[in-house]
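One letter stands for each residue in the lines below.
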Amino acid sequence: MDPLDLREEIPVLDEVTYLNTGAASPAPTSVVDAATDEIERQQHVAPAAEGAYPALFETFEETRARVAEFLGADTDEIALTQSTADGISRVATALPWQEGDVVVRTDCEHSAGVLPWQRLRDTQGIEVRVLETEAGRIDREQATELLSDADLLCLSSITWNYGTRLPVAELTGIAHDAGARVLVDAVQSPGQVDVDVGEWGADFVVGAGHKWLCGPWGAGFLYVADEATDALVPERVGYRSVTDPEGDGYEFSAGAKRLEIGTTSPAPYAGLQAAMDAIDSIGIETVEGRIERLTDRLKEGIDDDRLLSPREYESGLVTIAADDPAATVSRLADADVTIRSIPSPAAVRVSVHVYNTDEDIDALCEVL
């Protein structure tokens with residue numbers, strides 16, 4: 001598929017210059033059709049055929065395998081979730097915390113990677129340390145010091161507020177050397193850059209389909225490395241968590257499935273499969289190359305004192321200083337250009353994806 005073919009599949013792009021994929025992307029018709037077809041199959045076909053639950057489980061397992069393939073993981077290392085925040089919370093509540101345990105997070109984490117640790121600080125007495133960055137840049141010596149006696153490192157693969165790529169594999173190595181596990185919020189990566197969780201070496205990786213994958217809401221995913229599975233003892237349990245839900249007592253599933261609970265709609269997961277197929281049909285190298293070219297075009301029109309993201313390409317997220325970010329977003333919306341404001345730094349953020357065009361960038365620059 002050509003990037004412009006994907007654009008043609010997203011009708012809303014005829015109505016607005018959409019540059020907010022880092023928050024959520026509109027889905028192409030193939031994704032919407034896949035989700036819709038799955039609802040029809042579940043409600044109109046399966047009850048008279050294989051049965052509603054067998055059809056449901058089939059979609060879950062197909063999606064698990066598809067996500068594993070997309071991330072370079074084994075199928076039993078994938079749990080299906082509803083969102084990134086959901087995935088982080090499932091890990092956070094399944095680890096065996098003790099008072100005084102230490103979690104290190106960066107100062108560039110989304111609230112999904114902040115709130116669970118605040119809650120555990122209040123309920124379990126853990127210590128939360130913040131690894132300060134310089135506009136999304138990590139000081140390795142400071143990281144090593146903070147992680148020296150830590151139990152978990154939480155970091156993003158691409159920072160949501162600056163668009164910088166964090167050195168996940170290197171920081172994972174530092175954390176593991178100190179005896180800490182690593183949880184990666186990767187939601188800004190799949191769909192815009194190549195992801196191989198094996199290269200990162202992290203214990204847990206979370207993501208969702210409604211951003212750069214151009215998938216539907218409600219389809220999240222969680223990678224749990226095989227060697228990290230036994231450390232997870234979920235607080236919640238359901239028939240999808242255990243080996244035999246009808247047995248006397250229960251035993252958690254051996255893999256990441258132990259973090260799944262019960263019945264949920266298969267439609268978002270069918271849509272997620274179609275979304276991954278669409279990205280693969282374009283090719284991740286083509287996706288990244290186009291994003292790089294378009295972000296370069298955007299940055300050419302931004303002075304150094306306003307550009308808060310790196311001038312050299314790192315991702316499709318471009319953060320720009322603004323005196324009144326909310327008013328700037330509103331003014332651009334009046335001109336049918338969609339971006340968003342962010343709180344830290346107080347700025348506006350532009351998200352450039354493969355379906356965007358030179359004309360989109362020029363329209364933004366004209367009113368920015």
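No experiment lies behind these values; they were computed from the predicted model shown.

A. Inspection of the sheet that holds strand S6 (residues 181-185) at higher detail. Ordered in space as S2-S8-S7-S6-S5-S3-S4, the 7 strands form an open sheet in which the pairing is mixed. Edge positions in the sheet fall to strand S2 (78-81) and strand S4 (127-131), since each of these pairs with one other strand and no more. Each strand axis lies, on average, 20 degrees off the axis of its neighbour in the sheet, ignoring direction. Pairing of strand S7 (residues 204-208) with strand S8 (residues 220-224), which is carried by 5 bridges, proceeds in the antiparallel orientation.

B. Region of interest: the environment of Ile88. Along the chain, Ile88 turns up in helix H4 (residues 84-94). Ile88 sits 96 residues away from Val184 along the chain, and the two C-alpha atoms are 8.8 Å apart. Ile88 has contacts with Ala112, Gly113, Pro116, Trp117, Leu183, Asp185 and Val206, leaving out every residue within four places of it along the chain.

C. Layout of the pairing of strand S9 (residues 317-321). A large share of S9 lies buried, amounting to 4 of its 5 residues. Pairing between S9 and strand S12 (residues 347-351): 5 bridges, direction antiparallel. In the sheet register, Val318 faces S12, and the bridge partner there is Val350.

D. A look at the packing of H4 against helix H5 (residues 115-124). One can describe the packing of H4 onto H5 by two numbers: an axis separation of 9 Å at closest approach and a directional angle of 25 degrees. With respect to H5, the axis of H4 lies roughly parallel. Handedness of the H4/H5 crossing: right-handed. Here Ile88, Ser89 and Ala92 of H4 lie close against H5, whose contacting residues are Pro116, Trp117 and Leu120. Split by residue class, the contact of H4 with H5 holds 5 nonpolar, 1 polar and no charged.

Analysis parameters
- Residues numbered from 1 in each chain as written.
- Predicted model: local features only at pLDDT ≥ 70, side-chain atom pairs only at ≥ 80, totals over all residues.
- Heavy atoms only, no water.
- Pairing = 2+ DSSP bridges.
- Helix = DSSP H or I, 4+ residues; strand = E, 2+ residues; numbered from the N terminus.
- Axes fitted to C-alpha atoms, helices over the stretch in contact; angles between N-to-C directions.
- Contact = heavy atoms within 4.5 Å.
- Buried < 20%, exposed > 50% of the residue type's maximum accessible area, 1.4 Å probe, protein only.
- Parallel < 35°, antiparallel > 145°, perpendicular 65-115°, else oblique.
- Left-handed = near helix turned anticlockwise from the far one by under 90°.
- Nonpolar A, V, L, I, M, F, W, Y, C, P; charged D, E, K, R; others polar.

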